[in-house]
Each structure stands twice: as structure tokens, then as C-alpha cells.
Amino acid sequence: MSRRGLLAVCLLLASCKRPPPAVADAGTDAGAQATMTADAGTLATASLDAGGASDSGLEASLTSPEDGVAEVHPLAVCDARGDAPLDAARRYYDEGHYEEALSCAAQAAALEPDLAAAHAERGAALAFLHREPEAQLAFARALAIDPGDPDALLGAAHLYAVQLPSTRERDELGALYAERGLSQPSTPPELVPSLALVAAMAFNDLGQADQALERAAIVLAREPGNLEAKYEKALALFELCRFREAKAAFASLLTDKERAAHAHQHLGLLLEREGRWKQAQEHFDRARTLEPQDFPPPPLPTPDEFRAQVTRALADLPEDMRKDLEGVPVATEEIPSEDDLLANQPPLSPTILGLFRGPSLGEPCDGTETPCRSVALYRRNLARAVRTPEELREQIRVTLLHEIGHLRGEDDEELAARGLE
């Protein structure tokens, strides 16, 4: 089976549960500064002789004891039980014996250094053992040898989009590898649902809900009962402002223990949009009870306190930014209106932290906006994107910088490149 069942296996185990994003979900127009990594270069530029002893079949882990001397812990000798080392590695992996799978995959790679499948097998075992940096190199070597190896593509996509903490760069890599696997006629049909599911996860994290919805549909056409795909579909419907469909989709997940907290949270957001505040709060409370780490109480200031914080943030802006904002009202609102969200295609995320309306500076007003230009900051969305009052004040500042970037003509991609995603 090799990696044919990789995602299905991982989704059954808490150790493979997708971590929350490193930065709170702020929507496509929000101003949360992303944590950038060097992941993009890891798979693209890894040398074929990277990995040292691991590629000679003597894979070892190093620890640094107090005396400063690295201690080597070599893998056990592969017990192939009469099979070829690569076949033994696959068998051990499918049986859940990941150390043994790694030993045999390392031997297979040592015997045939140019066999992409052996390095992909090493990568899969290393990923399951949470040896992520080594897994990155193993998948890099597999894809350097054979850029179209389907097992390596799925393993790398899963590592970046699901296993590692979410950042834009990792999600982009995950989507790239999953899409490459889906686009190849040679990809085994049994791998298609797993690749499509990883792609749906990555696209949802990237704010590309329309593509996430399409990939989730691929999974559900083949596996109608796939709960993870149902969740990704529900999330994409919410992000696309198809609120009635999203409400039904999340309600169907309330009995699913793995996803119930997130279903309650989104139902709260949907009921909040309907003005059903009491029912919304009941769902928020239930989400917090089920997953207190994911859904802590938001540091929600009163409307007057929030306006005062925004006023202070405006006063602290550099002089040139304050000058650009002359004649541009900055309003505080509870949540974005449906009209504002649907004014763009695809729609803006309901969780955006702020919004710039109108043409950029230097472009003429066409008379459709009154006033011509304006900025809105959303109290409830901002409070839910942070954990402390101090973080809220900082997020207000960053969101203002993001919206001023739009005022000056920058698009979301340019702002993301400057760390103002």
C-alpha cells in the first residue's frame, strides 16, 4: 500500500491532526503579520548528497548531552523477513511500526541511492516520527530524482499543508505538490482523494475557498462519508459567503468529535450574522468547552473602548500615513456586512479584520461610493483573532497599516510580501 493510505491513516490519529495556523485566521483582507520560513527553498534546492549518514543507510539521530559531545543513536538493522528492503519498509509502515519502516527504507535508499520511492518511504516514516527536518530532506531528494513520484508528492504535500504549523509559504508548497500529483495522468486513482483533500486544506488556509470547494468535491465524489472533506467543504462555503449551505454543512458535523468544536464556532459566527446573539454565544461557549486552547475567551472591548483604541492607533501612525488618511473616515463596526463581502468576486472572507472601500489614491472617484474612500475595522473579528488586550492593540495597528496599503494602491499579494497579510 505504501503511501496509498497515508492521509486516511493520519486522519485517524491525533498525532497527525492538522495544527492551527501560526497566525490567527484573519481572512483575505486582514493584517496579521505572517511568520516566514525558508521552507520554499528546502525542497527546491536540497543537494542530492544532503542528509549525510542517512543516505548511506546508517540513518541516525543526534542528541547533545551536557558535556557537549553529540551522541549517535543508529537505527536497528533492517529485518526484512525475506522481503526486499523497500517492500519491508512499506509493510512495516502499514503495520504501524515506523522505526522498523525507517530502518528498511534507509537500507533501500543505501542500496539504490537513485530510487525515488526509497527516499519517499524514508520521508513518510520520518514524518510520522515527527522528525520533520529530516523528512523534508528525504522528500526533497525523492523529488529531485523524480519530480513526478506520486508517493513523494503526497508525502511532501501532507507534511507542509497538514503536519507542520501553518504558514503561507508552507501552505503554498503543500498546494503545489498536491496539485502536481492531481495533474499527472500516471497518478494512481487510489491516491486522488488524498491529494485532493490535502489540496483543499491548503487552499482553505490560503484563502482560496473556491478552489478548496472544488477539491473537496473530488474527495466526496469518491468517498461520500469523508468527514475531513465535509469539514473543508463547509469551511469553503462559509468563506464564499454561501451562508445557508455552510450552516447546514456545519450542523451535520456537530456529532463528529474531531470537528465538533470548529463546527460550533462557525455556527456561532453564522448566527451572529443573523443577529441571533444569544444562540450564537451558546455555540461559542460550546466550542470553548470542547477546545479551550483553540477558542479562548476573546479580549472583547466595549464599542467605546474599541473606538478609543482605534483613535490612539491612528494618532500613532507616521505623519505621511496620517496625511494620506485626511478625508478618509475610519469607522469601527461589529462585523462586515454582506454587501461589503459580496462586492468582490470571489467574496471577501467573513472573518476579515478590516476593509478599505473605494479607489486608491491617485485614482478618480466614480460617484458610486459616499464617501469616495473609507476604512472599516471590525471589533468582533479583531478580538477573535488575538488572545490578549496587548495583542489586540497591536493587531489594530497592523490592520490599519494593511488598509493604508490598499489606500496607496497595493494589492493583497504585495501586502503579504511585506508581512502585512
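Above this note sits the structure.
What you see as residue numbers is a count from 1 along each chain, following the sequence as written. Per-residue local features are limited, in this predicted model, to residues with pLDDT of at least 70; the limit for side-chain atom pairs, both in listing and counting, is 80 or more; totals at the level of whole chains, interfaces and linings are taken over all residues. The basis for every side-chain value is the complete set of non-hydrogen atoms in the structure, without hydrogens or water.

Visitor: Break down the overall build of the chain for me, with residues and values.
Guide: Segments assigned H or I by DSSP are reported as helices when at least four residues long, segments assigned E as strands when at least two residues long, and all are numbered from the N terminus. Scanning the chain for helices and strands turns up 20 helices and 5 strands. When burial is assessed residue by residue, the chain has 49% of its 421 residues classed as buried. Type-normalised accessible area, obtained with a 1.4 Å probe on protein chains alone, sets the label of each residue: buried when under 20%, exposed when over 50%, and partly exposed for intermediate values.

Visitor: Describe the sheet that holds strand 4 (residues 354–357), with residues and values.
Guide: For two strands to pair, DSSP has to find at least two bridges joining them. Spatial strand order, 3-5-4: 3 strands in an open sheet with mixed pairing. Of all the strands in the sheet, the pair left with one neighbour each is strand 3 (330–333) and strand 4. Direction aside, neighbouring strands of the sheet carry axes that sit 20° apart on average. Bridge count for strand 3 against strand 5 (residues 374–378) is 4 bridges, and the pairing is parallel. Considered in strand 5, the bridge of V330 is made with V375. Together, strand 3 and strand 5 form the strand contacts of helix 15 (residues 303–315), whose direction differs from that of strand 3 by roughly 150°. Sheet contacts for helix 19 (residues 389–407): strand 3, strand 4 and strand 5; angle to strand 4, the most-contacted strand, approximately 20°. Interaxial angle, 0 to 180 degrees, is taken between N-to-C directions of lines fitted to C-alpha atoms, where a helix line uses only the stretch in contact. Two residues qualify as a contact provided that any one of their heavy atoms is within 4.5 Å of a heavy atom in the partner residue.

Visitor: Report on the state of the cysteines, specifying residues and quantitative values.
Guide: In plain terms, two cysteine sulfur atoms within 2.5 Å form what is called a disulfide here. Using the criterion set out here, one finds 2 disulfides in the structure. There is a disulfide in this structure between C78 and C104, and the S-S distance comes to 2.1 Å. What sets the handedness of the C78 and C104 disulfide is the S-S torsion sign, and at about 90° it is right-handed. Placement of the pair is C78 in the loop between strand 2 (71–74) and helix 3 (85–95) and C104 in helix 4 (residues 98–111), with a sequence separation of 26 residues. Judged on exposure class, the residue C78 and its partner C104 are both buried. Disulfide pairing is shown between C365 and C372; the S-S distance is 1.6 Å. Judged by the sign of its S-S torsion, about -90°, the bond between C365 and C372 is left-handed. The class for C365 is partly exposed, based on a relative accessible area of 41%. On the basis of relative accessible area, C372 is assigned to the buried category, the value being 19%.

Visitor: Tell me about the packing of helix 15 against helix 19, residues and numbers included.
Guide: Between two packed helices, what matters for the description is the angle formed by their axes and the separation of those axes. Closest axis-to-axis distance for the helix 15/helix 19 pair is 10 Å, and the angle between their directions is 55°. Compared by their axis directions, helix 15 and helix 19 come out oblique. In this structure, helix 15 meets helix 19 at a crossing whose hand is right-handed. Counted together, F306, Q309, V310, A313 and L314 of helix 15 and L392, R393, I396 and L400 of helix 19 form the full contact between these two elements. Classifying every residue of the contact of helix 15 with helix 19 gives 7 nonpolar, 1 polar and 1 charged. Angles are sorted into four bins: roughly parallel if under 35 degrees, roughly antiparallel if over 145, roughly perpendicular if 65 to 115, and oblique for all others. When the near helix sits turned anticlockwise from the far one by under a right angle, the crossing is termed left-handed; a clockwise turn instead gives a right-handed crossing. The residue classification treats Ala, Val, Leu, Ile, Met, Phe, Trp, Tyr, Cys and Pro as nonpolar and Asp, Glu, Lys and Arg as charged. All others, Gly included, are polar.

Visitor: Run through the pattern of salt bridges, naming residues and quoting values.
Guide: By convention in these notes, a salt bridge is any Lys or Arg side-chain nitrogen within 4 Å of a carboxyl oxygen on Asp or Glu. Within this structure, the stated rule accounts for 24 salt bridges. Here E172 ties to R168 by a salt bridge, and the two come within 3.5 Å at their closest N and O atoms. Placement of the pair is E172 and R168 together in helix 8 (residues 168–183), with a separation of 4 residues, close to one helical turn. The exposure class of E172 is partly exposed, given its relative accessible area of 38%.

Visitor: Kindly report on the packing of helix 3 against helix 4, identifying the contributing residues and their values.
Guide: At their nearest, the axes of helix 3 and helix 4 sit 8 Å apart, and the two run at 160° to each other. In this view, helix 3 runs roughly antiparallel relative to helix 4, as classed from their interaxial angle. Here the hand of the crossing between helix 3 and helix 4 comes out left-handed. The residues of helix 4 that touch helix 3, namely those facing P85, L86, A88, A89, Y92 and Y93, are Y98, E100, A101, C104, A105, Q107, A108 and L111.

Visitor: Please give an account of the nonpolar core that cites residues and values.
Guide: Counting 81 residues, the largest nonpolar core has Y177, V198, F238, F250 and L270 as its most contacted members. When residues of this core are assigned to their parent elements, the largest contribution, 9 residues, is made by helix 7 (residues 150–163). Only buried Ala, Val, Leu, Ile, Met, Phe, Trp, Tyr and Cys residues count toward a nonpolar core, and they belong to the same one when joined by side-chain atoms within 4.5 Å. The next biggest cluster of nonpolar side chains, apart from the first, holds 23 residues, and it includes V310, L317, F356 and I396.

Visitor: Please provide a residue-by-residue account of the environment of A308, values included.
Guide: Considering the arrangement of structural elements, one finds A308 in helix 15. The sequence separation of A308 and T332 amounts to 24 residues, and the corresponding C-alpha distance is 10.0 Å.

Visitor: Quick rundown of helix 14 (residues 277–290)? Include the residues and the values.
Guide: Over its 14 residues, helix 14 runs 20 Å from end to end, which matches the ideal 20 Å to within 8%, given 1.5 Å per residue. Every buried residue belonging to helix 14 is among A280, H283, F284 and A287, and all of these are buried. Down the axis of helix 14, the sector holding all buried residues measures 100°, keeping them to one side. In helix 14, the exposed positions that point more than 90 degrees away from the buried face belong to K278 and T289. In a helix, the anticipated span is given by 1.5 Å times the number of residues less one. Each direction from the helix axis to a C-beta atom contributes to the arc, which is the arc of those directions.

Visitor: Break down helix 11 (residues 227–239) for me, citing the residues and quoting the values.
Guide: Each α-helix winds once per 3.6 residues, and so residues spaced three or four apart point in a common direction. Its 13 residues give helix 11 an end-to-end C-alpha distance of 18 Å, which sits within 8% of 18 Å, the value for a rise of 1.5 Å per residue. Of all 13 residues in helix 11, 10 are buried, a share of seventy percent or more. By the burial criterion, the buried members of helix 11 are E228, A229, Y231, E232, A234, L235, A236, L237, F238 and E239. Capping the start of helix 11 is the job of one residue whose side-chain oxygen sits 3.1 Å from the backbone nitrogen of E228: N226. What qualifies as a polar contact is a pair of N or O atoms within 3.5 Å, subject to a donor-acceptor requirement within protein and to the restriction that residues adjacent in sequence count only when both atoms come from side chains.

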